[in-house]
Amino acid sequence: MAVQLPNLPYAYDALAPHISKSTLEFHHDKHHKAYVDKTNELIANTELADKSLEEIVKAAARQKDKPALFNNAAQAWNHNFFWQSMSPRSGKPSGALADQIQKDLGGQDALITALKNAAVTQFGSGWAWLCLANGKLEVGSTSNADTPLVHGKAPLITIDVWEHAYYLDYQNRRPDYVTAFLQNVINWDFAASNFEKARHQRAAE
Ligand code: MN3
């Protein structure tokens with residue numbers, strides 16, 4: 001069973017004008033597909049060939065001598081997570097997640113400021129994240145393909161800040177892309193459902 005390229009969970013033009021149809025076409029059909037194809041090429045005829053993508057990412061993180069597998073598999077996983085981190089119906093954090101944001105980060109405005117700061121200041125390519133780590137919400141960023149998945153943290157939402165995520169729409173203006181993302185397309189229902197899962201997993205441990 002090879003790693004699959006999932007369809008976008010919305011139409012290619014569903015996030016316009018904030019994220020254009022042509023950005024999603026290139027980003028999903030070319031960039032994400034290339035990571036999936038390369039991962040499948042690298043796991044073919046190995047003991048990882050029939051594993052889930054999450055298991056492949058975690059195994060590859062332990063094989064420090066083979067960075068290509070980690071880079072491609074983690075990028076495949078991060079993009080699966082990123083498509084779900086956006087929605088045409090952005091909404092607002094509610095319920096238990098809203099309470100936890102208040103408690104750990106000082107409220108919704110402080111969270112938005114922290115996410116924007118993490119996304120804008122990540123030097124070069126990478127990702128900004130809201131995670132649940134040791135029972136607390138945490139905002140941060142990772143470089144290149146790196147992912148909280150291999151650092152014992154549960155990701156709740158992510159922003160792709162590789163240039164390919166925004167260059168067609170915003171050229172070099174990453175702050176404008178991040179602002180549009182946070183105001184219009186961030187999928188708070190996805191964050192809330194990840195938060196519930198992570199809390200219950202933690203309670204079960
Ligand atoms: Mn990308």
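Rules and cut-offs
- Numbering of residues begins from 1 in every chain and follows the order in which that chain's sequence is written.
- The predicted origin of the model limits local features to residues at a pLDDT of at least 70 and limits the giving and counting of side-chain atom pairs to 80 or more, whereas totals for whole chains, interfaces and linings rest on all residues.
- Values reported for side chains reflect all heavy atoms of the structure, with hydrogen atoms and water molecules removed beforehand.
- One speaks of a salt bridge when a side-chain nitrogen belonging to Lys or Arg is within 4 Å of a carboxyl oxygen belonging to Asp or Glu.
- For helices the rule is a DSSP run of H or I covering at least 4 residues; for strands it is a run of E covering at least 2, with both sets numbered from the N terminus onward.
- Burial classes follow relative accessibility: with a 1.4 Å probe on protein chains only, a residue under 20% of its type's maximum area counts as buried, one over 50% as exposed, and anything between as partly exposed.
- In the analysis that follows, any N or O atom pair within 3.5 Å is treated as a polar contact, provided that within protein one partner can donate a hydrogen and the other can accept it, and provided that, for residues neighboring in sequence, both atoms belong to side chains.
- A pair of strands is treated as paired once DSSP finds two or more bridges between them.
- Every angle, taken between N-to-C directions, lies between 0 and 180 degrees, and every axis is a line fitted to C-alpha atoms, over only the stretch in contact when it is a helix.
- Take the far helix as your reference; a near helix turned counterclockwise from it by less than a right angle gives a left-handed crossing, and one turned clockwise gives a right-handed crossing.
- Any pair of residues with heavy atoms lying within 4.5 Å of one another is described as a contacting pair.
- Reported domain spans reflect what an automatic or database domain assignment gives.
- Summed over both partners, the accessible area lost on bringing two parts together, with a 1.4 Å probe, is the buried area.
- Ten residue types, Ala, Val, Leu, Ile, Met, Phe, Trp, Tyr, Cys and Pro, are classed as nonpolar, four, Asp, Glu, Lys and Arg, as charged, and the remainder, Gly among them, as polar.

### Digging into the pattern of salt bridges
A side chain with one charge can pair with a side chain of the opposite charge if their charged atoms come near. Taken as a whole and judged by the stated rule, the model has seven salt bridges. Among the salt bridges present, the one from E54 reaches K58, with a minimum N-O distance of 3.2 Å. You can see E54 and its partner K58 sitting in helix α2 (residues 53–62), four residues apart, about one turn around the helix. Exposure remark for E54: the relative accessible area of 35% places this residue in the partly exposed category.

### Digging into the environment of T121
Tracing the backbone shows T121 in helix α5 (residues 108–121). Residue T121 is classed as exposed on the basis of its relative accessible area of 53%. Spatially, the C-alpha atom of T121 lies 8.8 Å from that of S141, the residues being 20 residues apart in sequence. Here N117 takes part through its backbone oxygen, which lies 2.6 Å from a polar atom of the side chain of T121.

### Overview of the sheet that holds strand β3 (residues 154–160)
Ordered in space as β2-β1-β3, the three strands form an open sheet in which the pairing is antiparallel. This sheet does not close on itself; its edge strands, each paired only once, are β2 (136–143) and β3. The mean inter-strand angle of the sheet, taken between neighbouring strand axes irrespective of direction, is 20°. When strand β1 (residues 126–133) meets β3, the two strands line up antiparallel, connected through six bridges. In the strand pairing of β3, L132 is matched with A154.

### A few points about the packing of α2 against helix α3 (residues 67–84)
Contact geometry of α2 with α3 gives a least axis separation of 9 Å together with a crossing angle of 145°. In this structure, the crossing between α2 and α3 has a hand that is left-handed. Between α2, through L53, E54, I56, V57, A60 and A61, and α3, the contact on the second element is made entirely by L69, F70, A73, A74, A76, W77 and N80.

### Topic: the domain arrangement of the chain
One can read the domain layout of the chain as domain 1 (21–84) and domain 2 (95–204). Summarising the inter-unit geometry, the C-alpha centres of domain 1 and domain 2 are found 20 Å apart. Here domain 1 and domain 2 share an interface that buries about 1,800 Å² over both sides, 71% of which is from carbon and sulfur atoms. Of all residues in domain 1, the largest losses of buried area upon contact with domain 2 belong to T23, F81 and F82, amounting jointly to 33% of the total for that side. Seen at the junction of domain 1 and domain 2, the total is zero salt bridges. In this assembly, domain 1 and domain 2 are joined by nine residue pairs in polar contact (both at pLDDT 80 or more). Elements represented by at least two residues in the side of domain 1 that touches domain 2 include exactly α1 (21–43), α2 and α3. No other element matches α3, which puts ten residues into the side of domain 1 that touches domain 2. Residues of the side of domain 1 that touches domain 2, tallied by class, amount to nine nonpolar, nine polar and two charged.

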